[in-house]
Amino acid sequence: MRVARHGAGRTNQKLYFAKMAMQQLEQATDAAVIQATYEAGVFHLHGAFLALLQELSRFYKQSPQLPSAEALRLALDVKGQVSPEIVQIQQVESPDQWLGQLQQAFHDCQLAPEPPEPQPEAELPDSLILRVTTAAAEPASELERLQRWYKHLQTMINDFRREMVEF
């Protein structure tokens, strides 16, 4: 018996990059650096989730290019297969669950912020960096959010890998 590691390297790499972003966020004091490292953490955690979907796709012998848990579920339905991992993922994708919140944060980072009301030049803010996320301004809360998502994602990945066994 051996444990399947279908593309596990990329998933692990994205988790490592997210961990690096969290370490940088712990030390950040400048608002722009806080925003940049928070977004980097969100991007890498979301990337780790997508890499996990690719692992599952390869394990179930599906196209690794499927973009979502729902797309993978539909592809498995066509072959009459059911993935308990996909069922579990879809349960935590709701907006009130951790994965839904991570996906919303990733989506928020992709959107251009609403332009501010025009102001006379003398009244422009010191920083021209616009916050695109709804996260709190304190790095501690952003860090705690990233750490919580990281922990949940890492636990999910480890649990799935223990179950993905080839004989």
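The rules behind each value
- Residues numbered from 1 in each chain as written.
- Predicted model: local features only at pLDDT ≥ 70, side-chain atom pairs only at ≥ 80, totals over all residues.
- Heavy atoms only, no water.
- Axes fitted to C-alpha atoms, helices over the stretch in contact; angles between N-to-C directions.
- Helix = DSSP H or I, 4+ residues; strand = E, 2+ residues; numbered from the N terminus.
- Parallel < 35°, antiparallel > 145°, perpendicular 65-115°, else oblique.
- Left-handed = near helix turned anticlockwise from the far one by under 90°.
- Contact = heavy atoms within 4.5 Å.
- Nonpolar A, V, L, I, M, F, W, Y, C, P; charged D, E, K, R; others polar.
- pLDDT = per-residue confidence, 0-100.
- Salt bridge = Lys/Arg side-chain N within 4 Å of Asp/Glu carboxyl O.
- Expected span 1.5 Å × (residues − 1).
- Buried < 20%, exposed > 50% of the residue type's maximum accessible area, 1.4 Å probe, protein only.

Caption draft 1: Focus on the packing of helix H1 (residues 8-27) against helix H2 (residues 31-59). For the pair H1 and H2, interaxial distance at closest approach is 8 Å and the crossing angle is 165°. Here H1 lies roughly antiparallel to H2, going by the angle between them. As H1 runs across H2, the sense of the crossing is left-handed. Contact residues: Ala-8, Arg-10, Thr-11, Lys-14, Leu-15, Phe-17, Ala-18, Ala-21, Gln-24 and Leu-25 in H1; Ile-34, Thr-37, Tyr-38, Ala-40, Gly-41, His-44, Leu-45, Gly-47, Ala-48, Ala-51, Leu-52 and Glu-55 in H2. Along the lines of polarity and charge, the residues of the contact of H1 with H2 split into 13 nonpolar, six polar and three charged.

Caption draft 2: The confidence of the model for the protein chain, seen in detail. Looking at the protein chain, pLDDT values average 85 and 79% of them are 70 or higher. At the level of individual helices and strands, the protein chain shows its lowest average pLDDT in strand S1 (residues 2-3), which scores 39, and its highest in helix H5 (residues 98-110), which scores 95.

Caption draft 3: Representation of the pattern of salt bridges. Within this structure, the stated rule accounts for four salt bridges. A salt bridge links Glu-70 to Arg-73; the nearest nitrogen and oxygen atoms lie 2.6 Å apart. Of this pair, Glu-70 and Arg-73 both sit in helix H3 (residues 69-78), separated by three residues, roughly a single helical turn. Put simply, Asp-77 and Arg-73 hold a salt bridge, and the shortest N to O gap is 2.5 Å. Here Asp-77 and its partner Arg-73 are both found in helix H3, four residues apart, which amounts to about one turn of the helix. Where salt bridges share partners, they join Glu-70, Arg-73 and Asp-77 into one cluster.

Caption draft 4: Examining H5 more closely. Its 13 residues place the ends of H5 19 Å apart at the C-alpha level, agreeing with the 18 Å of an ideal helix rising 1.5 Å per residue. Listed in full, the buried residues belonging to H5 are Trp-98, Leu-99, Gly-100, Leu-102, Ala-105, Asp-108 and Cys-109.

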